[in-house]
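Commentary on secondary and tertiary structure
Below, each chain spelled out in residue letters.
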Amino acid sequence: VQLVESGGGLVQAGGSLKLSCTASGRPLSIYEMGWFRQAPGKEREFVAGITRSGGETSFADSVKGRFSIIRDNAQNTVYLQMNNLKPEDTAIYYCAADASFTPGISTYTFEYEYWGQGTQVTVSS
């Protein structure tokens, strides 16, 4: 499966962005999906995840209450809605696909087999 992110950009603190991740090659519905981010000099970290059906989601503590994740399997797309953005949200955001059936939503990068190229999000203060 190939994953392509879009929707990144420059936004002021308090603003919103909606990232999209579109899959091709295989149906998105067979994967658990996650969003990760990596800031300069830092390790890639889990942001949000969603199960195949969309019935369960998980978020990093740092984004709870501000970010939401939804998926549209018919459109082969998963979205990350980011509200009340903060300068510390500045990073490259990646979507990732997990083909395993490990219980729960994984927060570990090594459990996601497929990755997009990333989209830059910059939040100015």
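Structure: above.
All of these numbers come straight from a predicted model, not from anything done at the bench.

Considering the side chain of Thr 51
By secondary structure assignment, the location of Thr 51 is in the loop between β5 (45–50) and β6 (57–59). Thr 51 sits in the buried class, given a relative accessible area of 13%. Aside from chain neighbours lying at most four places away, what touches Thr 51 is Glu 32, Glu 56, Arg 71 and Ile 105.

A look at unusual backbone geometry
The phi torsion at Asn 76 lies on the positive side, around 55°, for a residue other than glycine. Overall, the relative accessible area of 22% leaves Asn 76 in the partly exposed class. Even without being glycine, Asn 84 reaches a positive phi, approximately 50°.

What about the state of the cysteines?
In total, this model carries one disulfide according to the counting rule given. With a sulfur-sulfur separation of 2.0 Å, Cys 21 is cross-linked through a disulfide to Cys 95. Measuring the twist about the S-S bond at about 55°, one finds the Cys 21-Cys 95 disulfide to be right-handed. Separated by 74 residues along the polypeptide, Cys 21 in strand β3 (residues 17–24) and Cys 95 in strand β9 (residues 91–98) bring together distant segments of the chain. Accessibility classification places Cys 21 together with Cys 95 in one group, the buried group.

Topic: the nonpolar core
Within soluble globular proteins, side chains that are nonpolar tend to cluster in buried spots. Met 33, Trp 35, Leu 80, Met 82 and Tyr 93 are the most contacted members of the largest nonpolar core, which totals 29 residues. Breaking this core down by element, the ones donating at least two residues are β3, β4 (32–38), β5, β7 (67–72), β8 (77–82), β9 and β11 (119–124). Excluding its chain neighbours within four sequence positions, the residues that come into contact with Met 82 are Gly 15, Ser 16, Leu 17, Leu 19, Arg 66, Phe 67, Tyr 93 and Val 121. With five residues, the next largest nonpolar core counts Phe 36, Phe 46, Ala 96 and Tyr 112 among its residues.

Reading the values: the criteria
- Residues numbered from 1 in each chain as written.
- Predicted model: local features only at pLDDT ≥ 70, side-chain atom pairs only at ≥ 80, totals over all residues.
- Heavy atoms only, no water.
- Helix = DSSP H or I, 4+ residues; strand = E, 2+ residues; numbered from the N terminus.
- Buried < 20%, exposed > 50% of the residue type's maximum accessible area, 1.4 Å probe, protein only.
- Contact = heavy atoms within 4.5 Å.
- Disulfide = S-S within 2.5 Å.
- Core = buried A, V, L, I, M, F, W, Y, C linked by side-chain atoms within 4.5 Å.

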